[in-house]
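The lines below spell out each chain.
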Amino acid sequence: MNGGRLSTTAPSFPRRGDGSTMSTMTPLEKSDLVRRLGLEAGFDEVGIAEAAPIRRLGCFVDWLEQGRHGEMAYLSRAADVRVDPRRLLSGARSVIVAVQSYKPAEEHEEAGGLDGSRGRIARYAWGRDYHRVHRKKLQRLVQRLREAMGEMFEARVCVDTAPMIEREVAAAAGVGWIGKNTLVLHPRLGSYLFLGEIVTTLELAPSAPMADHCGSCTRCLEACPTQAFPAAYRMDATRCTAYLTIEHRGEIPRDLQSAMGDWVFGCDICQEVCPHNSKAPATSEPAYGLSERFPLSPRPMLDVLLNMTEEQRQAYLAGSAMKRATLAMLKRNAAIAGENQAGNQRIKKSYRQNGDGVSPT
Ligand code: SF4
Ligand code: SF4
């Protein structure tokens, strides 16, 4: 998967009047180097987009105007920056997109059992928080590029933190296509992908966009239990279990609760059914696998969540992307998951007795 090793000895480069060096490489040669060093750094795919306004802007604006982003008000803030990566870095000319699969080697059932006493956590949150892991790798890549190119350039690393329509930039960089489930898909890696970007002043040759390989498939649209897809390539976040369990702070509408199943943090159903994921390889990044450090993953005992203290939440979730959910949200989600587990009367009774503000209704 990784490219061949490159010499780390920087050749001598011409100097500018101020003494700084500049590369004699062409944009295409630099792009080849970026890709090779990116793969060598452990990323699964690397692509390059021109730093330019997002082309498919209409979808994003429609989505916001229809209120399908729910309580994620930050998505409508700085919308003018979000649609143009050049607003993130003065003089930006290119965006490097680096992709890492987080598809685990294990499955939920094997790892947790199905006795109705457990919840289910989305795969992206089983291991260490990708924000930190991905960011550090991107920062190291910038350092390697500076060494190998011998050229001064500015770079801003973004991992889900800067205002950017990340999936559109990823598609423009040719690292995948946006599937009918609205996620970025790669023909070999599937959709269990973390994305990260380096907005840079480097002039690079853009990668070719990838064709859409969804074809006539509609599995994700049909499998969604909350009917969160009003149409192919459109997602109503306000109906999505991932949004409801991770972002939504208040009460969850009753009609959606019963469709949420046993998910207590996120939902993977529209990815589980995707044929591109069934043949995708497991992640090569150990940080994203199951670990004793995160005892709640992948199927936490609902009793544990319901009786958890804030101190325990902080201890269990230190270094995990799950810490985004507050204690009240985790208890709310666990209560709903318990109600949804048909036949587990003991669990249901326990929720009602525990009624410390965690009732799902
Ligand atoms: S994550 Fe789950 S609830 Fe959300 S769109 Fe996919 S299948 Fe539907
Ligand atoms: S399930 Fe089918 S339609 Fe949905 S993203 Fe995968 S290939 Fe595309």
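Everything in this summary refers to the structure shown in the same document. What you see is a predicted model; the values in this text were computed from it and never measured.

**Details of helix H14 (residues 327-340)**
Piece 1. Here H14 is 14 residues long and its end C-alpha atoms lie 20 Å apart, about the 20 Å a rise of 1.5 Å per residue gives.
Piece 2. Among the 14 residues that make up H14, 10 are buried, leaving the element largely enclosed by the rest of the structure.

**Side note on the environment of Pro295**
Piece 1. Structurally, Pro295 can be placed in the loop between helix H11 (275-278) and helix H12 (302-306).
Piece 2. Judged by local crowding, Pro295 falls into the exposed class, with 12 C-beta atoms found within 10 Å.
Piece 3. Sequence-wise, Pro295 and Gly127 are 168 residues apart; in three dimensions their C-alpha atoms are separated by 10.0 Å.

**Things to note about the nonpolar core**
Piece 1. Residues Val97, Val169 and Ala173 are the most contacted members of the largest nonpolar core, which totals 87 residues.
Piece 2. The element that contributes the greatest number of residues to this core is helix H5 (residues 130-149), accounting for 7 residues.
Piece 3. Split by domain, this core shows at least three residues from each of two domains, domain 1 (27-112 + 126-200) and domain 2 (219-282 + 289-351).
Piece 4. The contact partners of Val169, leaving out residues within four places of it in the chain, are Ala49, Pro85, Val95, Val97, Met164 and Glu197.

**With respect to the site of ligand 1**
Piece 1. Near ligand 1 the following residues occur: Cys224, Thr226, Ala228, Met235, Cys240, Thr241, Ala242, Cys267, Ile269 and Cys270.
Piece 2. Breaking the shell around ligand 1 down by element, the ones donating at least two residues are helix H8 (241-246) and helix H10 (269-272).
Piece 3. Of the residues assigned to the shell around ligand 1, the class counts are 8 nonpolar, 2 polar and no charged.

**A look at the pairing of strand E7 (residues 193-200)**
Piece 1. In terms of burial, E7 is a largely internal element, 8 of the 8 residues being buried.
Piece 2. Across the two faces of E7 the burial is the same, with Leu193, Leu195, Glu197 and Val199 and Phe194, Gly196, Ile198 and Thr200 all buried.
Piece 3. Across 8 bridges, strand E2 (residues 94-101) lies against E7 in antiparallel orientation. Pairing of Val95 across the sheet is with Val199, part of E7.
Piece 4. Relative to E7, strand E4 (residues 155-158) runs antiparallel, the two being bridged by 4 bridges. Paired with Ala155 across the two strands is Thr200, which belongs to E7.

**Things to note about unusual backbone geometry**
Piece 1. Cis rather than trans, the peptide bond between Ser297 and Pro298 has omega equal to 0°.
Piece 2. One can find Pro298 in the loop between H11 and H12.
Piece 3. Its identity as a non-glycine residue notwithstanding, Thr182 has a phi of 70°, on the positive side.
Piece 4. With respect to the helices and strands, Thr182 occurs in the loop between strand E5 (177-178) and strand E6 (184-185).

**As for the packing of helix H1 (residues 27-40) against H5**
Piece 1. The N-to-C vectors of H1 and H5 enclose an angle of 135°; their axes lie 10 Å apart at closest approach. Between H1 and H5, the angle falls in the class oblique. The hand of the H1/H5 crossing is right-handed. Between H1 and H5, the residues in contact are Lys30, Leu33, Val34, Leu37 and Gly38 and Leu141, Arg144, Leu145, Ala148 and Met149, respectively.

**A few points about the site of ligand 2**
Piece 1. Neighbouring ligand 2 are 13 residues, the closest being Gly179, Cys214, Cys217, Cys220 and Cys274.
Piece 2. For the shell around ligand 2, the secondary-structure elements that each account for two or more residues are helix H7 (219-223) and H11.
Piece 3. Among the residues making up the shell around ligand 2, the classes are represented as 7 nonpolar, 4 polar and 2 charged.
Piece 4. Per-domain counts for the shell around ligand 2 show at least three residues from each of domain 1 (27-112 + 126-200) and domain 2 (219-282 + 289-351).

**Observations regarding H1**
Piece 1. Taking 1.5 Å of rise per residue, the 14 residues of H1 would be expected to cover 20 Å, and the 20 Å separating its terminal C-alpha atoms lies within 8% of that figure.
Piece 2. Among the residues of H1, Lys30, Ser31, Val34, Arg35, Leu37 and Gly38 are the ones counted as buried.
Piece 3. Tucked into the core, H1 has its buried residues touching strand E1 (45-50), E2 and H5.
Piece 4. Looking at the residues trailing H1, positive phi occurs at Gly42, about 110°.

Conventions adopted
Residue positions are given per chain, counting from 1 as you read along its sequence in written order. As they are written, the chains are lettered A onward and the ligands numbered 1 onward, keeping that order. Given that the model is predicted, a residue must reach a pLDDT of at least 70 before its local features are reported, and side-chain atom pairs must reach 80 or more before they are shown or counted; all residues, however, enter totals for whole chains, interfaces and linings. Numbered from the N terminus, helices here are DSSP runs of H or I no shorter than four residues, and strands are runs of E no shorter than two. A helix is expected to reach a length of 1.5 Å times the quantity of its residues less one. Counting other C-beta atoms within 10 Å of a residue's own tells you its class, since 20 or more makes it buried, 12 or fewer makes it exposed, and anything in between is partly exposed; those C-beta atoms are placed from the backbone. Under the definition applied here, buried Ala, Val, Leu, Ile, Met, Phe, Trp, Tyr and Cys residues are grouped into a nonpolar core through C-beta atoms within 7 Å. Where each domain starts and ends follows an automatic or database-derived domain assignment. We call two residues in contact if the C-beta atoms placed from their backbones are at most 7 Å apart. Using a C-beta atom placed from the backbone, a residue is described as near a molecule or strand when that atom lies within 6 Å of it. Side-chain classes are defined by residue name, with Ala, Val, Leu, Ile, Met, Phe, Trp, Tyr, Cys and Pro counting as nonpolar, Asp, Glu, Lys and Arg as charged, and the others, Gly among them, as polar. Strand pairing is defined by DSSP finding a minimum of two bridges between the two strands. With axes taken as lines fitted to C-alpha atoms, and helix axes fitted only over the stretch in contact, angles between N-to-C directions fall between 0 and 180 degrees. Oblique is the label for every angle not falling under 35 degrees (roughly parallel), over 145 degrees (roughly antiparallel), or within 65 to 115 degrees (roughly perpendicular). For a crossing to be left-handed, the near helix must be turned anticlockwise from the far one by less than a right angle; the clockwise case is right-handed.

Any link to function would need more than the numbers given here.
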